Amino acid sequence: MRRHWIPAALLAVAVGLAGVAATAQTAQDESEKEIERYRAMINDPMANPGYLAVDRGEDRWAQKRGKKNVSLQTCDLGQGSGKLEGAYAKMPRYFADADKVMDLEQRLLWCMQTIQDLDTTDVVARRFSGPGRVSDMEDLVAFIANKSNGMKIEPQSSHAKEKELTDIGEELFYRRAGVMDFSCASCHGESGKRIRLQALPDLSTPGKQAQETMSSWPTYRVSQSALRTMQHRLWDCFRQQRWPAPDYASEGLTALHMFLNKQAAGGETNVPSIKR
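Just so it is clear, the model here is predicted, and its values are computed rather than measured.

Caption draft 1: Local environment of the overall build of the protein. Secondary structure summary: the protein contains 10 helices and seven strands in total. In the protein, the share of contacts with a sequence separation of at least 24, taken over all contacts with a separation of at least 6, comes to 65%. On the protein, roughly 14800 Å² of surface is accessible, and the fraction owed to carbon and sulfur atoms is 54%.

Caption draft 2: Summary view of the state of the cysteines. Tallied over the full model, the rule gives one disulfide. Each sulfur of the disulfide joining Cys-75 and Cys-111 lies 2.1 Å from the other. Across the disulfide from Cys-75 to Cys-111, rotation about the S-S bond amounts to roughly 70 degrees, and the bridge is consequently right-handed. Taken together, the residues span a long stretch of sequence, with Cys-75 in the loop between helix 2 (50-62) and strand 1 (93-95) and Cys-111 in helix 3 (residues 104-116) at a distance of 36 residues. Residue class for Cys-75 comes out buried when judged on its relative accessible area of 0%. Here Cys-184 is not cross-linked by a disulfide; its sulfur's nearest cysteine counterpart is in Cys-237, at 6.6 Å. What makes Cys-237 partly exposed here is its relative accessible area of 22%.

Caption draft 3: How the structure looks around the sheet that holds strand 5 (residues 219-221). In spatial order, the strands read 6-5-7; together these three strands make up an open sheet with mixed pairing. With one partner strand each, in any of the chains shown, strand 6 (226-228) and strand 7 (273-275) form the two edges of the open sheet. Here the strands of the sheet are splayed against their neighbours by 35 degrees on average, with no regard to which way each runs. The pairing of strand 5 with strand 6 spans three bridges and is antiparallel.

Caption draft 4: Examining the side chain of Arg-93 more closely. Along the polypeptide, Arg-93 turns up in strand 1. We note that Arg-93 is buried and unpaired, the nearest opposite charge coming from Glu-162 at a distance of 5.2 Å. Within the structure, the side chain of Arg-93 is placed 3.5 Å from the backbone oxygen of Gly-78, a separation counted as a polar contact. If sequence neighbours within four positions are ignored, Arg-93 has contacts with Leu-77, Gly-78, Gln-79, Lys-100, Val-101, Met-102, Gln-156 and Glu-162.

Caption draft 5: Region of interest: the pattern of salt bridges. Scanning all chains against the criterion turns up 13 salt bridges. A salt bridge links Arg-60 to Asp-136, with the shortest nitrogen-to-oxygen separation between them at 3.0 Å. Highlighted residues: Arg-60 in helix 2 and Asp-136 in helix 5 (residues 136-146), separated in sequence by 76 residues. When the shortest N-O distance is used, the salt bridge between Asp-136 and Arg-126 registers 3.0 Å. With Asp-136 in helix 5 and Arg-126 in the loop between helix 4 (121-125) and helix 5, the pair connects residues that are 10 residues apart, well separated along the chain. In this structure, Asp-136 and Arg-126 share a single accessibility class: buried. Salt bridges sharing partners connect three or more residues here, namely Arg-60, Arg-65, Asp-122, Arg-126 and Asp-136.

Caption draft 6: Inspection of helix 9 (residues 230-240) at higher detail. Buried within helix 9 are the following residues: Met-230, Gln-231, His-232, Arg-233, Leu-234, Asp-236 and Phe-238. Tucked inside the fold, the buried residues of helix 9 contact helix 3, helix 8 (208-214), strand 5, strand 6 and helix 10 (251-263). After helix 9 finishes, the residue Arg-242 shows a positive phi value of roughly 65 degrees.

Reading the values: rules and limits
- Residues numbered from 1 in each chain as written.
- Predicted model: local features only at pLDDT ≥ 70, side-chain atom pairs only at ≥ 80, totals over all residues.
- Heavy atoms only, no water.
- Helix = DSSP H or I, 4+ residues; strand = E, 2+ residues; numbered from the N terminus.
- Contact = heavy atoms within 4.5 Å.
- Areas by Shrake-Rupley, 256 points an atom, 1.4 Å probe, with all protein chains shown as cover.
- Disulfide = S-S within 2.5 Å.
- Buried < 20%, exposed > 50% of the residue type's maximum accessible area, 1.4 Å probe, protein only.
- Pairing = 2+ DSSP bridges.
- Axes fitted to C-alpha atoms, helices over the stretch in contact; angles between N-to-C directions.
- Lys, Arg positive; Asp, Glu negative; His and termini not counted.
- Salt bridge = Lys/Arg side-chain N within 4 Å of Asp/Glu carboxyl O.
- Polar contact = N/O pair within 3.5 Å; in protein donor to acceptor, adjacent residues only side chain to side chain.

Written out as structure tokens, the structure is:
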């Protein structure tokens, strides 16, 4: 009897574990459906507070500031002086006048300092909005990025520095460090991962998941009551990995953005989006 009892017990355990797995999968599927229903409820452009940032950004773009008392309307974002349509979809990119690859926030800082002769200390201090505090950068990015809606993400790689920074970004994506020994790939290196109820996109593989992710930033975060840019998203990811906080508008963040855009090539820009 004992010889027959052991296989029977193992079979019972296996059946029990299969039942638990099936129940967990069902619960996960139901949770995902509820999350999608929630997203559909909030994903109404007419009710998206991110468009308030777009309006403020338009005013800030035209506002005369700095020692030269001029606006940013002559700032070249890669399409020519003052031309905004499609500029965000092709950034980060190399700028010959600065001899540097820049993302949008880096370029705006450069234009403020060069064109307006503006002391950007306060702009950087308010790079991320908070209670009772708006951010010039978040507003400007929302306004400019919105001008690329309907256009596809076009990673730039014609210049040697663009290729170099994209390679550095890929290295950063897989580099493990910090007290948790995490990398970006720890959460975004394969499909099917999630944190609590939140599904995590696989950004290691070019295609749909990367496209849907990158084409939706900047976004209005309901949980934070604020519009957030890609600089904030990457900063917050490093914070959650327990890495040292990256400097704002640093070359490392631009490199990572370059790599992620490469993965998301062809994704259609639709911003500001709205997320939980």
